[in-house]
Amino acid sequence: VTSDTTTGDTTVSDTMIDHRQVRRAIEYYYEHGFTDGLPVVPPTESYLAEFLAQVDRSPDEVVAAMPHLNRECTLRLAAINSIMAGCLPEYFPVVLAMLDALRLDAGARGATRFSSGLWQSTTGTVPITVINGPARLRLGFNCQGNIFGPGFRPNATIGRAMRLIAMNALGLKPHVLDQSTQTNPAKYTCCIAENEEESPWEPLSAEAGYGPGASTVSFMMMRSCMHIEARSATRAEHVLNDFANSVARTGVLYSEKSSCLIVVSPEHAQLLASHGWSKKDVREYVAANAVCTREALERAGKTGISRDMHWLVPSDHPDALPGEEPQFERRDGTEVHPVLSSPDDVVLVVAGAANAGVSTVIDLMGASTAPSGRGGGRLPAMSEIVLKPSP
Amino acid sequence: LADGILLERRGVPAVSVCTDKFKTTAEAMAKLHGFEGYRFISVPHPIASLELPQLAHLAVDALGEVLAIFEVSE
């Protein structure tokens, strides 16, 4: 809207708007606590209609809920927050599939303390979603260089939509219902796509039984994210031992068992595959070799197990169960504790540029056993993306 | 804190205890459950890293408030 100060006429134009009105709209959302600290796109009814037209579902459908907080998010609220996050209308089916996968994840975890506590915990757990299939290319997801970084609208805004939905629709505001001590930077946004074109292995969606024409969102809860340097590795075991040692570091262990997502760079994946290693082989090796020595756990005060929560505590801690300790086994004369229960505790995705031998180990909060695991094994909660046909 | 409210609503007398660092969250939870002003106890933070004698001391200190909320005397 522009105003002519000499005539007093007001005209509406697609190309000229009053910057004060724009500023007022942006500030409105800050003043009401509706942002993540960054500016949001002000939603309008007409723009909302474009989002709702992308799906054949009722705007009143409840797409996410936190029963212990008496909070629900309708599809309409999800769309409003997607607009605010900067999504384009055609991204909205991905946001909905992400929320569908979130419900599967919460359901698979079963106990309410997992579905609720994960979002409010002092750990500061954050969602990480992985996109597979043709939707990656159609919507322009980044699956190559700078995979966890900025510059790509679908990755940035769809992950951000998840956070704004959590804050605005489900009420998970920091310092109030979100009690995380520090969390990690991925809490702003964390949505990656698999680099299927440069991966020697079947994509994550195929492991769950989806065909190449299907697009999916996989949902996991991240605790921390660790960069792995193995640029000069010449043998598969070099890389795999770096993975295993990083998964088993003492600092990340809060209970006896851990689980992880390894985002393998194309260079590492190709090295492993060229030496005959399948995804299954890699999972089995990492599960077998992610071990902590008794000495390392003792030095970190983690050889006791607490009552109720079963956290690792010093063995002389007041809450330690008498005589209880993590399971140890003897290997080459050394007592070690395997931190993974099975190969299913390792999720593998190939992403990033094929330009260096670096990968990422992401520590997950538990592992869901969602029914998406059509291949028989346990896999992250996964939902199919249903896009409208291209015009 | 929500557990304390849910127990009370089922007729089971309960007192919720948290550390002072979680007081704001506890008050927000009470409000969300339609129980603004719900009385609970906040004890000094931290708990997880205390030795047994310190924990015992803290529990004894809090007992008076627990009984006050239950409206009973020692």
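All of these numbers come straight from a predicted model, not from anything done at the bench.

## With respect to the overall build of chain B
Logical step 1: Helices and strands together make up the secondary structure of chain B, namely three helices and two strands.
Logical step 2: Ordered by position from the N terminus, the helices and strands of chain B form the series α-β-α-β-α.
Logical step 3: Here chain B, with 74 residues, has 34% of them falling under the buried criterion.
Logical step 4: Taking all contacts inside chain B whose residues are at least 6 apart in sequence as the whole, residues at least 24 apart take part in 59%.
Logical step 5: On chain B, roughly 4900 Å² of surface is accessible, and the fraction owed to carbon and sulfur atoms is 57%.
Logical step 6: Distance from the positive charge centre (6 side chains) to the negative charge centre (10 side chains) of chain B: 9 Å.

## Digging into the sheet that holds strand β9 (residues 291-293) of chain A
Residues and elements named next belong to chain A.
Logical step 1: Taken in spatial order, the three strands of this open sheet run β9-β13-β12, and their pairing is antiparallel. Taken across any chain shown, the strands that pair with only one partner, and hence form the sheet edges, are β9 and β12 (329-331). On average, each strand axis in the sheet is tilted by 50 degrees relative to the strand beside it, whichever way the strands run.
Logical step 2: Judged from the three bridges that link them, β12 and strand β13 (residues 334-338) form a sheet pairing that is antiparallel. Its bridge partner being in β13, Glu329 is matched across the sheet by Val336.

## Notes on the pairing of strand β7 (residues 216-229) of chain A
Residue and element names in this part refer to chain A.
Logical step 1: Counting buried residues in β7 gives 10 out of 14 residues, a clear majority hidden from the surface.
Logical step 2: As paired elements, β7 and strand β15 (residues 358-364) share seven bridges and run antiparallel to each other. From the neighbouring strand, Cys225 faces β15, where its bridge partner is Ile362.

## Observations regarding the confidence of the model for chain A
Residue and element names in this part refer to chain A.
Logical step 1: In this model, chain A carries a mean pLDDT of 91, and residues with pLDDT of at least 70 account for 91%.
Logical step 2: With pLDDT under 50 throughout, residues 1-5 is counted as low confidence; its partners more than four residues away or in other chains account for 14 contacts.
Logical step 3: When the criterion is pLDDT under 50, residues 371-376 qualifies, and its contacts beyond four places in sequence or with other chains add up to 12 contacts.

## Looking at the side chain of Ser16(B)
Residue and element names in this part refer to chain B.
Logical step 1: Checked against the element boundaries, Ser16 lands in the loop between α1 (2-9) and β1 (17-19).
Logical step 2: Given a relative accessible area of 8%, Ser16 falls into the buried group.
Logical step 3: Side-chain polar atoms of Ser16 contact the side chain of Tyr38, separated by 3.5 Å.
Logical step 4: Apart from the residues lying within four places of it in its own chain, the contact partners of Ser16 are Leu1, Gly4, Tyr38, Phe40 and Ile41.

## What about the pairing of strand β5 (residues 126-132) of chain A?
Residues and elements named next belong to chain A.
Logical step 1: β5 sits mainly inside the fold: seven of its seven residues count as buried.
Logical step 2: Side chains Val126, Ile128, Val130 and Asn132 project from β5 onto one buried face, and the interleaved Pro127, Thr129 and Ile131 project onto a second face that is buried too.
Logical step 3: Sheet topology note: the β5/strand β6 (residues 191-193) ladder contains three bridges and is parallel. Paired with Thr129 across the two strands is Cys191, which belongs to β6.

## Let's talk about the interface of chain B and chain A
Logical step 1: In this complex, chain B contributes 12 residues to the contact, which on the side of chain A involves 12 residues.
Logical step 2: A per-residue breakdown of the area chain B buries against chain A is headed by Phe22(B), Thr25(B) and Leu32(B), which together make up 47% of the total.
Logical step 3: Here chain B is connected to chain A by zero salt bridges.
Logical step 4: At the surface where chain B touches chain A, the tally comes to four residue pairs in polar contact (both at pLDDT 80 or more).
Logical step 5: Of all the secondary-structure elements, those providing two or more residues to the side of chain B that touches chain A are α2 (23-32) and α3 (52-70) of chain B.

## A short note on the pattern of salt bridges
Residues and elements named next belong to chain A.
Logical step 1: Counted by the stated rule, this structure contains 22 salt bridges over all chains.
Logical step 2: The residue Lys388 makes a salt bridge to Asp56 at a minimum N-O spacing of 2.9 Å. On the criterion of sequence distance, the pair formed by Lys388 in the segment after β16 (381-384) and Asp56 in the loop between α2 (45-52) and β3 (62-66) is long-range, its members being 332 residues apart.
Logical step 3: In this structure Lys388 comes out as partly exposed when scored by relative accessible area, which is 27%.
Logical step 4: Judged by relative accessible area, Asp56 falls into the exposed class, the value being 71%.

## Quick look at the environment of Ala59(B)
Residue and element names in this part refer to chain B.
Logical step 1: Within the secondary structure, Ala59 is located in helix α3.
Logical step 2: Here Ala59 falls in the partly exposed class, since its relative accessible area comes to 45%.
Logical step 3: For the pair Ala59 and Val43, spaced 16 residues apart in sequence, the C-alpha to C-alpha distance is 8.8 Å.

## Things to note about the state of the cysteines
Residues and elements named next belong to chain A.
Logical step 1: Going through the model one piece at a time under the given rule, you end up with zero disulfides over all chains.
Logical step 2: Cysteine Cys73 shares no disulfide, and the gap to the nearest cysteine sulfur, in Cys87, comes to 13 Å.
Logical step 3: A residue is classified by how much of its surface remains accessible, and Cys73, at 0% relative accessible area, is buried.

## As for the nonpolar core
Residues and elements named next belong to chain A.
Logical step 1: Within the largest apolar cluster, 56 residues are counted, with the highest numbers of intra-cluster contacts made by Phe92, Val95, Leu99, Trp119 and Ile158.
Logical step 2: The leading source of residues in this core is helix α4 (residues 92-109), at nine residues.
Logical step 3: Among residues more than four places away in sequence, those in contact with Trp119 are Met66, Leu102, Pro127, Met162, Arg163, Ala166, Leu172, Asp178, Phe219 and Met221.
Logical step 4: With 35 residues, the next largest nonpolar core counts Ala230, Leu240, Val339 and Val350 among its residues.

## Points about the packing of helix α9 (residues 236-247) of chain A against helix α11 (residues 279-289) of chain A
Residue and element names in this part refer to chain A.
Logical step 1: It is the contact of α9 with α11, at a shortest axis distance of 9 Å, that shows an interaxial angle of 50 degrees. For the element pair α9 / α11, the angle class is oblique. As α9 runs across α11, the sense of the crossing is right-handed. When α9 is examined against α11, the residues Glu237, Leu240, Asn241, Phe243, Ala244 and Val247 are found in contact with a partner set consisting of Val282, Tyr285, Val286 and Asn289.
Logical step 2: The residue inventory of the contact of α9 with α11, partitioned by class, reads seven nonpolar, two polar and one charged.

## Digging into the environment of Arg103(A)
Residues and elements named next belong to chain A.
Logical step 1: Mapped onto the elements, Arg103 comes out in helix α4.
Logical step 2: Using a relative accessible area of 36% as the deciding quantity, one classes Arg103 as partly exposed.
Logical step 3: Sequence separation of Arg103 and His175 is 72 residues, and the distance between their C-alpha atoms is 25 Å.
Logical step 4: For Arg103, the contacting residues outside a window of four places in its chain are Arg57, Val62 and Val63.

Parameters and conventions
Residues numbered from 1 in each chain as written. Chains lettered and ligands numbered in written order. Predicted model: local features only at pLDDT ≥ 70, side-chain atom pairs only at ≥ 80, totals over all residues. Heavy atoms only, no water. Helix = DSSP H or I, 4+ residues; strand = E, 2+ residues; numbered from the N terminus. Buried < 20%, exposed > 50% of the residue type's maximum accessible area, 1.4 Å probe, protein only. Contact = heavy atoms within 4.5 Å. Areas by Shrake-Rupley, 256 points an atom, 1.4 Å probe, with all protein chains shown as cover. Lys, Arg positive; Asp, Glu negative; His and termini not counted. Charge placed at Lys NZ, Arg CZ, Asp CG, Glu CD. Pairing = 2+ DSSP bridges. Axes fitted to C-alpha atoms, helices over the stretch in contact; angles between N-to-C directions. pLDDT = per-residue confidence, 0-100. Polar contact = N/O pair within 3.5 Å; in protein donor to acceptor, adjacent residues only side chain to side chain. Buried area = accessible area lost by both parts, 1.4 Å probe. Salt bridge = Lys/Arg side-chain N within 4 Å of Asp/Glu carboxyl O. Disulfide = S-S within 2.5 Å. Core = buried A, V, L, I, M, F, W, Y, C linked by side-chain atoms within 4.5 Å. Parallel < 35°, antiparallel > 145°, perpendicular 65-115°, else oblique. Left-handed = near helix turned anticlockwise from the far one by under 90°. Nonpolar A, V, L, I, M, F, W, Y, C, P; charged D, E, K, R; others polar.

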